[in-house]
Amino acid sequence: MQTILKKLLAFLMMGLLMAACSNTETPSPRTEFGQPLSNRTEDKHKEGEVHRHINPEDATEQIQLVLVPSELIVGPNRFSVGIFDQGGNLVHEAGVHFHFYDLGDPSMPVYESEADAYPLSTEMGDVTIFAYEREFPHGGDWAVEVEVTFPDGNEAINGIRFVVFEDSPSIKPGDQVPMVETPTLKDVNQQVSLISSAEVPNHSFYEYSLDESVESGRPTLLLFATPAFCQTRFCGPSYEIFNDLAKLYQDQVNFIHLEVFTGLPNPEANNWAVTPSMEQFGLQSEPWIYLIDDQGMVLYRVEGLFTLEEIEFHIQDSLGL
């Protein structure tokens, strides 16, 4: 009963937060649409480790924006941004509103829709992004204007441009996953450090290869992440959340973790080459989490920071709970 109530509450909250605002007026953009800050960073850090996200010298008088997803496609997406204030600090508490514009003609942005964003934060509260799940009707050049209202009542606004692709170069919902033999403990003579950079690895994540998991007839939750060598601003504690999800659903779902780089435990010696699994899924960033049904079809995927409740909602839905 608690599970049903929790799921219903999560659904209602997501619905309220993601509902687009009704507005009879057609707003015009109040900002220039610049390029977002890169989600990539030169620093290597452990997932969830506190680190500076932006150099204060790069900060503007208002806000700067990072587009979290590395790709946006026609159809459903979790659109999300990271926001930095004029001191270069990551914004955690604010009211955030999106205005989306179609840039089919860059000289004449056409208002398309608007919505309130909802915050997603790590358990420690040191990393926060603002997100909205939406579908893009067509590919091409798009822009978003981000309005921010801070707790003290101050406001800021900035806009960024981005591209929506007609299709994804990576495995997406509705696709069948490649039936590949991903690394397991038996492949490395039980030396887990050769296939996991986690400080405290969960050995159960390396019992099955992906093809074995699909053939088992159970759903699979698949995590691409590098706990010790994160190179994006918003990787978050994905391995820890994955571990917590396993404690709740390991009797119903197979859990597989795959690393991003080859050459563990020292991927630098291998020039940070990505793993064959990353290439087979067409991925260029991390972390990614995939929910795969018992027939090997992707039900849901998300890139970057995610929460336990967010993934749990989709797991319960897939299990009919």
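Because the structure is a prediction, the values reported are computed rather than measured.

### A closer look at the overall build of the chain
Line of reasoning, step 1. Across its full length, the chain holds 5 helices and 15 strands.
Line of reasoning, step 2. Here the chain holds 321 residues, and 52% of them are scored as buried.
Line of reasoning, step 3. A sequence separation of at least 24 residues applies to 72% of the contacts in the chain between residues at least 6 apart.
Line of reasoning, step 4. Of the roughly 15,300 Å² that the chain leaves accessible, carbon and sulfur atoms contribute 50%.

### Details of the confidence of the model for the chain
Line of reasoning, step 1. For the chain, per-residue confidence averages 85 on the pLDDT scale, and residues scoring 70 or more make up 84% of the total.
Line of reasoning, step 2. When the criterion is pLDDT under 50, residues 1–24 qualifies, and its contacts beyond four places in sequence or with other chains add up to 27 contacts.
Line of reasoning, step 3. Confidence drops under a pLDDT of 50 for residues 48–61, and excluding neighbours within four residues, the segment shows 29 contacts in the predicted structure.

### Let's talk about the sheet that holds strand β11 (residues 220–224)
Line of reasoning, step 1. Read from one edge to the other, the open sheet built from 4 strands follows the order β13-β11-β14-β15, with strand pairing classed as mixed. Since the sheet does not close on itself, it has two edges, and those belong to β13 (254–258) and β15 (298–303), each with one partner. Averaged over all pairs of adjacent strands, the angle between strand axes in this sheet comes to 15 degrees, irrespective of strand direction.
Line of reasoning, step 2. Examined bridge by bridge, β11 and strand β14 (residues 288–292) share 5 bridges and lie antiparallel to one another. Looking at β14, one finds that Leu-222 is bridged to Tyr-290.
Line of reasoning, step 3. Contacting β11, β13 and β14, helix α3 (residues 238–249) runs over the sheet at an angle of about 165 degrees to β13.
Line of reasoning, step 4. The strands touched by helix α5 (residues 308–319) are β11, β14 and β15; relative to β15, the strand with the most contacts, the crossing angle is about 175 degrees.

### What to know about the pattern of salt bridges
Line of reasoning, step 1. A complete count under the given rule lists 7 salt bridges for this structure.
Line of reasoning, step 2. In this structure, Asp-167 engages Lys-172 in a salt bridge whose closest nitrogen and oxygen atoms are separated by 3.0 Å.
Line of reasoning, step 3. The shortest N-O distance in the salt bridge between Glu-212 and Lys-186 comes to 3.7 Å. Of this pair, Glu-212 sits in helix α2 (residues 210–215) while Lys-186 sits in the loop between β10 (155–164) and α2, and the two are 26 residues apart along the sequence.
Line of reasoning, step 4. Classification of Glu-212 as partly exposed rests on a relative accessible area of 31%.
Line of reasoning, step 5. Judged by its relative accessible area of 52%, Lys-186 is exposed.
Line of reasoning, step 6. The network of salt bridges with common partners includes Asp-167, Lys-172 and Asp-175.

Conventions and cut-offs
- Residues numbered from 1 in each chain as written.
- Predicted model: local features only at pLDDT ≥ 70, side-chain atom pairs only at ≥ 80, totals over all residues.
- Heavy atoms only, no water.
- Helix = DSSP H or I, 4+ residues; strand = E, 2+ residues; numbered from the N terminus.
- Buried < 20%, exposed > 50% of the residue type's maximum accessible area, 1.4 Å probe, protein only.
- Contact = heavy atoms within 4.5 Å.
- Areas by Shrake-Rupley, 256 points an atom, 1.4 Å probe, with all protein chains shown as cover.
- pLDDT = per-residue confidence, 0-100.
- Pairing = 2+ DSSP bridges.
- Axes fitted to C-alpha atoms, helices over the stretch in contact; angles between N-to-C directions.
- Salt bridge = Lys/Arg side-chain N within 4 Å of Asp/Glu carboxyl O.

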